[in-house]
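# Architecture at a glance
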Amino acid sequence: MITRKLTGAPPVPAFPRGATDTQMHLYLPGFPALPGGPGLPEDPLPDAGAYAQVMHWLGLDRVIVTQGNAHQHDNTNLLASLEALGDCAWGVAVVTKDTTKAQLAALADRRIVGARIMDLPGGAVDLTQLEVVDAIAHDMGWMIAVQFDGSHILDHLPRLQWLRSRWVFDHHGKFFGGVAADGPETDAVLRLIDRGNCWFKFAGAYESSAQPWPYADVAGPSRRIAAHAPDRIVWGTNWPHNGARTTADYPDDAALAALSLGWLPEGTREAVLVRNPVDLYRLPPLPSV
């Protein structure tokens, strides 16, 4: 049993209208973990009601729900999560060469706007399927969320340069081997961004860092990438912080947001929180007030 922090002092400055969380997961009752992936998070399950409190606390208006690895290729929990959250939510699903056109159309009808590649232990679709997923996403007008150990980005660079879909490099690049802000791996990210279809996601810095708070090894490359292309940065909470297994270890979302958003160039916060997600995920315009 874990007590998650769901409320607290609001962010300072306040999040702008239309602020979007582009990285989180929900786990609804009745959807067990499947073989091949990690188990479900600690009880109580982090469901729509709990996340709604986080949205209110932080001042979030929109959210992208990513298919959790616990559910592998079965997107039914994700679709139920979008229904539970309502019109403020869109999803990034798992698809493969076996996903039919009818199934893809049904996913799109239920506010799926992207597909996921996760080339780390427990991931449902890894880099061996990158080109297949890219072809599907391109045909659907979707984006791709790509996650792997960014320390090896130079090995994957030729394939990443050929992606036709819009895509985002997840979780501050997850440079597990450690990279320098002026190193060749960071240079490679800048070249990918300059091709016109790549974004970089600020989310879950603690997962990518080999150091304690304030995660200086993640801060350096993230600052340089954001300074180079602030219009290509998106941000997410990484809620419900699945790596936290005790109440004492559970992070404060407002403090995490303040830390990572503090790595942005002055004057770019609203673009990162509001406009950039619209461009990457092709979200509809905000309704008039």
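Each remark here, short or long, concerns the structure printed above.
## A closer look at empty space enclosed by the protein
Sizing a probe to match a water molecule and rolling it over the atoms shows the empty space that remains. All chains considered together, the criterion is met by one cavity of 30 Å³ or more. Estimates place the volume of the largest cavity at around 100 Å³. Around the largest cavity, the lining is made up of 15 residues, and of these Gly204, Trp235, Gly236, Leu256 and Ser260 lie nearest the centre. For the lining of the largest cavity, the elements supplying multiple residues, two or more each, are helix 7 (205-208) and helix 9 (253-261). The leading source of residues in the lining of the largest cavity is helix 9, at five residues. Tallied by class, residues from the lining of the largest cavity come to nine nonpolar, five polar and one charged.

## Let's talk about the layout of surface pockets
For the largest pocket, the calculated volume is near 400 Å³. For the lining of the largest pocket, the residue count by class is nine nonpolar, 11 polar and four charged. Approximately 150 Å³ is the volume found for the second largest pocket. Across the lining of the second largest pocket, the residue classes break down as four nonpolar, five polar and no charged.

## Here we look at the packing of aromatic side chains
Throughout the structure, instances matching the rule amount to nine aromatic pairs. An angle of 90° between the planes, with centres 5.5 Å apart, marks the rings of Phe15 and Trp235 as edge-to-face. With a gap of 220 residues between them, Phe15 in the segment before strand 1 (20-24) and Trp235 in strand 8 (residues 233-235) connect regions that are remote in the sequence. For the pair Phe15 and Trp235, one class covers both residues: buried. Here the aromatic rings of Phe202 and Trp263 are separated by 6.2 Å at their centres, their planes lie at 65°, and the arrangement is edge-to-face. Of this pair, Phe202 sits in strand 7 (residues 198-202) while Trp263 sits in the loop between helix 9 and helix 10 (269-281); the two residues are 61 residues apart in sequence, bridging distant segments of the chain.

## Some words on the nonpolar core
Of all hydrophobic cores here, the largest spans 79 residues; its most connected members are Phe15, Tyr51, Val63, Leu85, Trp167, Trp235 and Trp239. Take this core: its biggest share by element is seven residues, from helix 1 (residues 48-58). Core analysis: the next-biggest nonpolar cluster, separate from the first, contains 12 residues, Val92, Val168, Trp199 and Tyr281 among them.

## Considering unusual backbone geometry
A negative phi angle characterises most non-glycine residues, just as the trans form characterises most peptide bonds. At the junction of Trp213 and Pro214, the peptide bond is cis and its omega measures out at 10° in the coordinates. The residue Pro214 is located in the loop between helix 7 and helix 8 (216-228) in this model. For the bond from Trp239 to Pro240, the omega torsion is 10°, close enough to zero to count as cis. Backbone geometry at His172 places phi at a positive 55°, although glycine is not the residue there. With respect to the helices and strands, His172 occurs in the loop between strand 6 (166-169) and helix 6 (184-194).

## Observations concerning the environment of Leu130
Looking at the element boundaries, Leu130 is found in helix 4 (residues 130-140). Classification of Leu130 by relative accessible area gives buried; the value is 1%. Taking the C-alpha atoms as reference points, Leu130 and Leu160, 30 residues apart in sequence, are found 8.7 Å from one another. When sequence neighbours within four positions are dropped, the list of residues in contact with Leu130 reads Ile117, Val146, Arg159, Leu160 and Leu163.

## What to know about the sheet that holds strand 1
Read from one edge to the other, the open sheet built from eight strands follows the order 1-2-3-4-5-6-7-8, with strand pairing classed as parallel. Across the chains shown, the open sheet's two edge strands, defined by having one partner strand only, are strand 1 and strand 8. Averaged over all adjacent pairs, the angle separating strand axes in this sheet is 25°, with direction ignored. In this structure, strand 7 lies alongside strand 8, joined through three bridges in parallel fashion.

## Focus on the pairing of strand 3 (residues 89-93)
Among the five residues of strand 3, five are classified as buried, and the element is accordingly described as predominantly covered. What you see with strand 3 is no split at all: Ala89, Gly91 and Ala93 on one side and Trp90 and Val92 on the other are buried throughout. The parallel pair strand 2 (residues 62-66) and strand 3 is bridged by helix 2 (residues 76-85), and the resulting crossover is right-handed. Note: strand 3 against strand 4 (residues 112-118), three bridges, orientation parallel. Note on strand 4: the bridge partner recorded for Val92 is Gly114. Read as a crossover between parallel neighbours, the route from strand 3 over helix 3 (residues 101-109) to strand 4 is right-handed.

Conventions we followed
- Residues numbered from 1 in each chain as written.
- Predicted model: local features only at pLDDT ≥ 70, side-chain atom pairs only at ≥ 80, totals over all residues.
- Heavy atoms only, no water.
- 1 Å grid on protein atoms, 1.4 Å probe; cavity = no way out; pocket = protein on both sides within 12 Å on 5 of 7 lines; lining within 4 Å.
- Points joined across faces, edges and corners; volume = space filled by probe spheres on them.
- Helix = DSSP H or I, 4+ residues; strand = E, 2+ residues; numbered from the N terminus.
- Nonpolar A, V, L, I, M, F, W, Y, C, P; charged D, E, K, R; others polar.
- Phe/Tyr/Trp six-rings, centres within 6.5 Å; stacked < 30°, edge-to-face > 60°.
- Buried < 20%, exposed > 50% of the residue type's maximum accessible area, 1.4 Å probe, protein only.
- Core = buried A, V, L, I, M, F, W, Y, C linked by side-chain atoms within 4.5 Å.
- Contact = heavy atoms within 4.5 Å.
- Pairing = 2+ DSSP bridges.
- Axes fitted to C-alpha atoms, helices over the stretch in contact; angles between N-to-C directions.
- Right-handed = clockwise from strand over helix to strand, strands pointing away.

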